[in-house]
Amino acid sequence: AKQDPRMRPDIRDVADLQVVYWMRELIEITLLDYIFSQQDRVGNIDYQWYWFWNENGSVKTQREKRDAYKDKSRQKIDDIPIPEEIAQFSPVLIQRTNINDNDAGGRVAYANFAKKTKMLSNLKHYSAKIYKRLMELDKDLQSQGEVYQWLNSSIGLSDRQVRQVVRNTNLAAGILKGQCSQLQFDLDDVDNYLVHGPRLESVDCSAQ
């Protein structure tokens, strides 16, 4: 990304914890967009600033609420002073992602850009918890279990939309299961990166 002149100003001197959060939030967004065929994610991602610090071995967070700074862009990060009450802990300022404007998903006619651009296939790091929950969700939908029954009867989806969600979930599960042995499952409990650094979780890739 640093080789791209459009991206370079936004990632100069980026904190390691910020990269970890970007990675974690990216896998959540791409999976949801893949399952629900979200068409217009680009431009529909917002953020909020949060301070993170290590206080006696415990991770603390505080949202940046001062009106003068809460809407600052990443390029203006140096203009945001540390709040006096936490300055002694040398906190790190992090952008936390918000996804907005999700009305361009779910319909069968919408383009699934997460699928078209093979976003899931190109991932190298993942969350063990999300991986396992995806496999459980796929199993439920394929067997028309409890989650399937809720999806099919409670939120007004058409039969075609339900089939699309079931199919996309199955495809997503297949992609990630197929590359399970190559994935690094190190995106759980990301707050504790400040205290312990990255932690690699184990996943049984043969589990059904």
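Treat the numbers as computed from the prediction; the structure is a model and nothing was measured. (Residues numbered from 1 in each chain as written. Predicted model: local features only at pLDDT ≥ 70, side-chain atom pairs only at ≥ 80, totals over all residues. Heavy atoms only, no water.)

**A few points about the state of the cysteines**
For clarity, the cut-off: The term disulfide is used for any two cysteine sulfur atoms that are within 2.5 Å. Here a strand is any run of E in DSSP of at least two residues, a helix any run of H or I of at least four, and the numbering for each starts at the N terminus.
Inspection of the entire model under this criterion finds 1 disulfide. Put simply, Cys 180 and Cys 205 are joined by a disulfide, and their sulfur atoms are 2.0 Å apart. Because the torsion about its S-S bond is -75 degrees, the bridge between Cys 180 and Cys 205 counts as left-handed. With Cys 180 in the loop between α6 (159-178) and β5 (184-185) and Cys 205 in the segment after α7 (193-196), the pair connects residues that are 25 residues apart, well separated along the chain.

**Focus on the sheet that holds strand β2 (residues 58-63)**
We apply this condition: Pairing between strands is defined by DSSP: at least two bridges between them are needed. Each axis is a line fitted through C-alpha atoms, and for a helix only the stretch in contact is used; angles between axes span 0 to 180 degrees, taken between their N-to-C directions.
Within the open sheet, the 3 strands sit side by side as β2-β1-β3. Their pairing is antiparallel. Edge positions in the sheet fall to β2 and β3 (92-99), since each has one partner strand and no second. Strand-to-strand twist of the sheet, defined as the mean angle between neighbouring strand axes without regard to direction, takes the value 40 degrees. One ladder, built from 8 bridges, connects strand β1 (residues 45-55) with β3; its direction is antiparallel. Bridging across to β3, Trp 51 finds its partner in Leu 93.

**Description of a nonpolar patch on the surface**
The line we're drawing: Two joining distances apply to patches: 9 Å for like charges and 5 Å for nonpolar side chains (Val, Leu, Ile, Met, Phe, Trp, Tyr), and every residue must have over 30% relative accessible area and no salt bridge. Note on areas: Shrake-Rupley with a 1.4 Å probe; residue coverage comes only from the protein chains shown. Definition used for salt bridges: Asp or Glu carboxyl oxygen within 4 Å of a side-chain nitrogen of Lys or Arg. Only protein chains enter the accessibility calculation, which uses a 1.4 Å probe. A residue is then buried if its area is under 20% of the maximum for its type, exposed if over 50%, and partly exposed in between.
A grouping of Leu 32, Phe 36, Ile 45 and Ile 99 is seen on the molecular surface, where their side chains present a nonpolar patch of about 310 Å² in accessible area. Relative to the helices and strands, Phe 36 is located in helix α2 (residues 16-36). With a relative accessible area of 36%, Phe 36 lands in the partly exposed category.

**Section: the pairing of β2**
Alignment of β1 against β2, held across 6 bridges, turns out to be antiparallel. Note on β2: the bridge partner recorded for Glu 55 is Ser 58. Once β1 ends, the chain turns through 2 residues before running back antiparallel as β2, passing Asn 56 with a positive phi of about 55 degrees.

**Looking at the nonpolar core**
Heads up, the rule is: For this analysis, a nonpolar core means a set of buried residues of the types Ala, Val, Leu, Ile, Met, Phe, Trp, Tyr and Cys, connected via side-chain atoms within 4.5 Å. Any two residues having at least one pair of non-hydrogen atoms within 4.5 Å are treated as being in contact.
Ranked by internal contacts, the top residues of the largest apolar core, which has 34 residues, are Leu 31, Tyr 126, Tyr 131, Leu 134, Leu 176 and Phe 185. Looking at this core, the elements with two or more residues in it are α2, α4 (128-142), α5 (146-153) and α6. Top element by residues in this core is α2. It accounts for 7 residues. Ignoring any residue separated from it by four or fewer positions in sequence, one finds Leu 176 in contact with Leu 120, Tyr 126, Tyr 131, Leu 134, Met 135 and Leu 183. Formed by 6 residues, the second largest nonpolar core is a distinct cluster that contains Trp 51, Trp 53, Ile 86 and Leu 93.

Keep in mind these values describe shape, not function.
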